[in-house]
Amino acid sequence: MEDAELQILKQRAPGLAALYTTARDTILRAADVVALEQARVSTLGRKSALTELLRSIPTLPAEDRPLLGKGGNMVRRELEGLVEEREAELRRQALSASLAHERLDVTLPGQPFPAGHEHLISQTMREVEDIFIGLGYRIAEGPEVELDYYNFTALNTPPSHPARSAHDTFWVVEQRETMPEAVMDADRGVLLRTHTSPVQVRVMEQQRPPVYVVCLGKVYRRDSDATHTPMFHQVEGLVVDEGITLADLKGTLHHFTQEFFGGERAIRMRPHFFPFTEPSIEVDVSCELCGGKGCRSCKHSGWLEIMGAGMVDPAVYDFVDYDSEKVSGFAFGMGVERMAMLKHGIPDLRLFYDNDVRFLRQF
Amino acid sequence: MRVPFSWVKEYVDWRGSVEELAELLTMSGTEVEGIDWVGAPADPDNLSRFVVGKVLTRDKHPNADKLSLCTVEVGEAHGGVHQIVCGADNFQAGDTVAVSLTGATLESGLKLKKANLRGVESHGMMMSEQELGYEEKSPGIVILPDEWIVGAPLQDYLPVSEAVLELELTSNRPDCFSIYGIAREVAAAARLELAPPPTAGPAVLGGAPAAESLAVEVADPDLCPRYAAQVIRGVRVGDSPAWLKARLTHAGMRPISNVVDVTNYVMLGWGQPLHAFDAGKIRGAKLVARRAHVGERIVTLDGMERTLDDHMVVIADVERPLVIAGVFGSIDAEVDAHTTDLVLEAANFSGPNILRTELHTGIRSEASNRFEKGLDANLVPGGLDFASRLLADLCGGVVAPGTVDVWSEAPSLPRLSYRPAKADDLLGYAVPAQEQAGILRRLECEVDEGGAPSAPSHAAPSTAEWTITPPTFRPDLVREVDLIEEVGRIAGYDLAPETLPRHRTAGGLTGPQQVRRAIRRALAGCGLDEAITYTFVAPDALDPLGLPEGDVRLSPVKLSNPMSVEQSVMRTMLLPGLIGAVRANVDRLNDPPNLFEIGSVYLWDDQTSPAPAQAAEPGAVLPHEPEAVGIVLAGPLEVESWTGAGRPTDFSTLKGIVEAALRALRLTADFVPLGDAVAHFPYLHPGKAALVSVPGAGGVGAVGLLRPDVAAAYGVDDLKLYFAALALDRIAPVALKTATFEDLGAYPPAAQDLAVIVDRGIAAADVIAVARRAGGKLTRDVHVFDVYEGGQVPADKRSLALRVVMRSPERTLSERDIAGVRAKILTALERELAAALR
Ligand SMILES: [Zn+2]
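Residues numbered from 1 in each chain as written. Chains lettered and ligands numbered in written order. Predicted model: local features only at pLDDT ≥ 70, side-chain atom pairs only at ≥ 80, totals over all residues. Heavy atoms only, no water.

Focus: the interface of chain B and chain A
Many authors give the size of an interface as the accessible area that is lost as the parts come together. Stated formally: A contact between two residues is defined here by any heavy atoms of the two lying within 4.5 Å. Buried area: the accessible area, evaluated with a 1.4 Å probe, that two parts lose upon being put together, summed over both parts. For salt bridges, the criterion is a side-chain nitrogen of Lys or Arg within 4 Å of an Asp or Glu carboxyl oxygen. Here a polar contact means two N or O atoms within 3.5 Å. Within protein one must be a hydrogen donor candidate and the other an acceptor candidate, and residues neighboring in sequence count only if both atoms are side-chain atoms. Per the convention used, a helix needs a DSSP run of H or I reaching at least four residues, while a strand needs a run of E reaching at least two, with both numbered from the N terminus.
Taken together, the contacts link 97 residues of chain B with 99 residues of chain A. Together, the buried faces of chain B and chain A total about 8,300 Å²; carbon and sulfur atoms form 55% of this surface. Scanning the region where chain B abuts chain A turns up 11 salt bridges. The shortest N-O distance in the salt bridge between Glu-141 of chain A and Arg-516 of chain B comes to 3.1 Å. Run the count over chain B and chain A and you get 46 residue pairs in polar contact (both at pLDDT 80 or more). With seven residues, helix 15 (residues 511-525) of chain B is the single largest residue contributor to the side of chain B that touches chain A.

Structural data, given as structure tokens:
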């Protein structure tokens, strides 16, 4: 009851007002639910002063009845509300008091749910794929056991080309029904691809420009030490379209390195040589450790080599019947492990293939 | 290649630091791997302590027989005359010598102090070539030419300290395999003047013409396009001067004798390999360049006897081979200490043939390394002139007039059509036409800007067409695009702006690529770690499996040149690699891991792909490379914790994982006992394994417990290994189909549990199938929620607790509906499977 209402009641029905204030104090003073029930019975029960008052109304003079009838019922509702509120309050207090005694050690470990890990190489390849998908590329694939033609010849690296010797190729013993057993070993037509570049040729054989693809997968070279494993993974990119320039290659690769490595990493393009690109370049990214000032990890140059690239050599177009006067393009290739090593600070390539769960679970 | 900084500067006037030169070379296409500082420390203070001196007096040391006491003039700036004690014997008063003064730090790191040698003070040291770092061992001190100015810094005459650029050269640039060639690159990139070639011939000729002493015949001009020789008479074979030893040593070659050193010096400086014969050892006064005979033998200079074949070229006299042409000399015509007359060879050999000879003999020399890349036949005369002048100057020889020069054909000069505008188009940035012409000229291309007669001389740059004639030492410049690369790299790729291609296609993953990602994510989500194992394995890797004879998995793709037998065949299954990964982890005391791998296997099966006609000989095929998923479980996924005991891995774990992985592809699978297929999967426990089939795809693989004897054979004795192999190539076509919405139903479902006792031999799947069918269309799901054996259940039976979930799309089910379904199911189970309600 608002103070103003109570004042009016006091003026017009002082007895009723006194009854109300007494009952209210009784209810609010109840310290627990038992006391509150007693208070409720004493203030609102059949034998309470209020009930008796209400019951006596018919016996009152006619002019007093409306006032006391209305006022009495109002007081009753008020008191009932107070009992309800007080009860809720007392229950909340009782619950809090009991919760205060319930304690557990929140520093104990959580229930162990199994959580596995995709291999860092898979994660890195997915990351690279997604960056290029965002640029409108599709993902192309090709066989790992490959023909010499796709791995070398159609990439402008014919037999006896000196660039071949740099590749340390694994050769495959061919299976041909028409070939006598004796010459199988000597044959040199099938190999384990030494790079993902053969997929370039396969893609161009199958579609006309525009071509925007990246190819990721396993490649093989006869080499094994801390920086070489005989099997590793590469990313290859190929774009062929009208009016593609070296500046497009630079912009694309800079976008990629910033997305992949994050931050403001600079790139630079150095001239290089690959048989299937002309001009050919190698791409360096600025060293993050030293910020380009030079440190041990970048051999004091401030730069880390990350990939080879270039404009597709017109000789390659000849193999797939593209017209180099109408279209131009670029290609690039990089080692997935190397990208992951640079990004995550992994010192030894062989860790990727030890499959030690202590390594696998770090990423 | 090792390029001494001071040597390059003989040919180009480079004023910057060696580091700046390295940067210039790297950014113009000659990769500098590092700078190797050799000799004494290069700081100016240290270098000032090395001076030219003159011995004034030489007397016996009063207290030591083997030492002499000298006074040496080193110039006013360095204190005039010093007293120096010296142990060498090869000098006398009046000789000009190399002096290091007190305080100098030598190449070896030794710092010279004022010394007291047997009671006599010594202020400095007269140096030997060993102390200068030019030789491994020197018998005495170095005697310098008398013209050198006493007191002058020694560094002005000899590289006391040298910075050597270590270059990583590419095979397309044979012209860069010489100091002069590198200087040409520097001049082009830095817009400097290149010195004239250092190939001036000898000042004086004498004696009978060369042709009177020597005949040359070239039997195989295709393998030896040019063979030229000069004759030098009366040489004295001996020691090389210090400067020559310094050059060779710093460039990475060992000084041998003045004659050999000159040939090596000219090769390093000019790029043309040379060979010096002792003329007296050539029988019949004739040299023949011919193919070796099959089985012909030669003892090379390293003392090894080599057997040749008829693809290799030798230089022979009338009786025997003397040199494996372009690769390695023999002991038979070697220059020795008694040699007086020389035949000096400069020749040109076929690059690919030299490469082949290197591969077959295993020999790779400085000379063959150059020849294999295809040298310019026009280097020959300069090489002969350069070397014969030095032989005359340094070895006292007299060069005979005339050169014997057998040259089948001068290389024709390609004339290339070149559009400057095309360069701008390909590079994406404009290089002014005049600059393009300048770059090409600095690279010694002839540039004719006149173009076709129809083109007016003031033709707009966009249509200009030039004719370019590249120099013969640039065999890599044969097309317009090759010239564009030259312009681009010398102008600098840092000029290129960064743009993105204008037109683009829509990117995305193919269906199978999405499937691969989804299953990988699902398996990792189940708690498995992804392994990537080598795809090549040992030929006996599958031996423990007991595969039937003739099985395609036993005929792997074989490598003809594996690195080791352990990695000599391509895998036909993922299993051995995954077990290897388990074992590697256990060996490292990790908990037994649960792994999966997604990758190709390589099969010579009936799905090999024939090579396209343009790509290989007829009949060539590539193996089938289907992609597979392998799973191996070696330990618990729910591990022990304070919250509970964990749960050991069993068949249901593996099955649950496979189901979850397939569910991620929106697929379900049936698992059926192996049955007859046990013959195909002999490595799986026959009673604890199943075939997996996917609706729409059929059989896609098998799952089960690996036989304990198989696991033991792989060295995993004490672990139960659960293994699954799924053919991803068969799953992918039906996977990730678009899901169609199914109404949730407005009315509540009702569940009924019933436990039935059936024979142990009856599969749970059969019980469920009967129940579902009998339950009719109100039955939405039936599944087993408990299995009980033993107790009151008879020994040959088991109790299956089924939960039947019913729902109607039209109304809330009544007690009657539910009881009806329950009764129908029980009746059918009883009738068809002799099941009894428990
Ligand atoms: Zn750094």
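Overview of the packing of helix 13 (residues 433-442) of chain B against helix 14 (residues 480-491) of chain B
All names here are of chain B. Note the following rule: Simply put, an axis is a line fit to the C-alpha atoms, just over the touching stretch for a helix, and the angle between two N-to-C directions goes from 0 to 180 degrees. What sets the label is the angle itself: under 35 degrees gives roughly parallel, over 145 gives roughly antiparallel, 65 to 115 gives roughly perpendicular, and the rest give oblique. Under the grouping applied here, Gly and all other residues not named as nonpolar or charged are polar, the nonpolar ones being Ala, Val, Leu, Ile, Met, Phe, Trp, Tyr, Cys and Pro and the charged ones Asp, Glu, Lys and Arg.
The N-to-C vectors of helix 13 and helix 14 enclose an angle of 100 degrees; their axes lie 9 Å apart at closest approach. Comparing the axis directions of helix 13 and helix 14 gives the class roughly perpendicular. The residues of helix 14 that touch helix 13, namely those facing Glu-435, Gln-436, Ile-439, Leu-440 and Arg-442, are Leu-483, Glu-486, Val-487, Ile-490 and Ala-491. Split into classes, the residues belonging to the contact of helix 13 with helix 14 amount to six nonpolar, one polar and three charged.

As for helix 7 (residues 242-251) of chain B
Residue and element names in this part refer to chain B. Note the following rule: Only protein chains enter the accessibility calculation, which uses a 1.4 Å probe; a residue is then buried when its area is under 20% of its type maximum, exposed when over 50%, and partly exposed in between.
In terms of burial, helix 7 is largely enclosed, as eight of its 10 residues are buried. Ala-242, Leu-244, Lys-245, Ala-246, Arg-247, Leu-248, His-250 and Ala-251 are the residues of helix 7 that are buried. Once helix 7 ends, the next one or two residues include Gly-252, with phi positive near 100 degrees.

Examining the sheet that holds strand 41 (residues 836-837) of chain B
Strands belonging to one sheet form pairs held by backbone hydrogen bonds; the direction of such a pair is parallel or antiparallel. Residues and elements named next belong to chain B. Definition in use: Following DSSP output, two strands are said to pair if at least two bridges run between them.
Read from one edge of the open sheet, four strands run 39-40-38-41, paired in antiparallel fashion. Edge positions in the open sheet fall to strand 39 (779-788) and strand 41, since each of these has one partner strand only. Sheet analysis places strand 39 next to strand 40 (residues 797-806), joined by eight bridges and oriented antiparallel. Note that in strand 40 the partner of Asp-786 across the bridge is Ala-801. Along the sheet face, helix 20 (residues 764-775) touches strand 38 (750-759), strand 39 and strand 40 and points at about 145 degrees away from the line of strand 39.

Considering the packing of aromatic side chains
Rules: In summary, the pairing rule links any two rings of Phe, Tyr or Trp, Trp by its six-membered ring, whose centres are within 6.5 Å, and it sorts them by plane angle into stacked for under 30 degrees, edge-to-face for over 60 and tilted for everything else. Note on geometry: a ring has a charge over it if NZ (lysine) or CZ (arginine) is within 6 Å of the ring centre and within 35 degrees of the ring normal.
For the structure on display, the rule yields 26 aromatic pairs over all chains. Look at Tyr-180 of chain B and Trp-270 of chain B: their rings are 5.6 Å apart centre to centre, the planes differ by 45 degrees, and that puts the pair in the tilted class. Of the two residues, Tyr-180 of chain B sits in helix 5 (residues 179-190) while Trp-270 of chain B sits in helix 8 (residues 258-270), which places them 90 residues apart along the sequence. Comparing Tyr-180 of chain B with Trp-270 of chain B, the two get one shared label, buried. Taken together, Phe-132, Tyr-137, Tyr-212, Phe-256, Phe-260, Phe-261, Phe-330 and Phe-332 of chain A form an aromatic cluster joined through their ring pairs. We note Arg-226 of chain B situated over the ring of Trp-407 of chain B; from NZ or CZ to the ring centre the distance is 3.6 Å.

None of this, on its own, says anything about what the molecule does.
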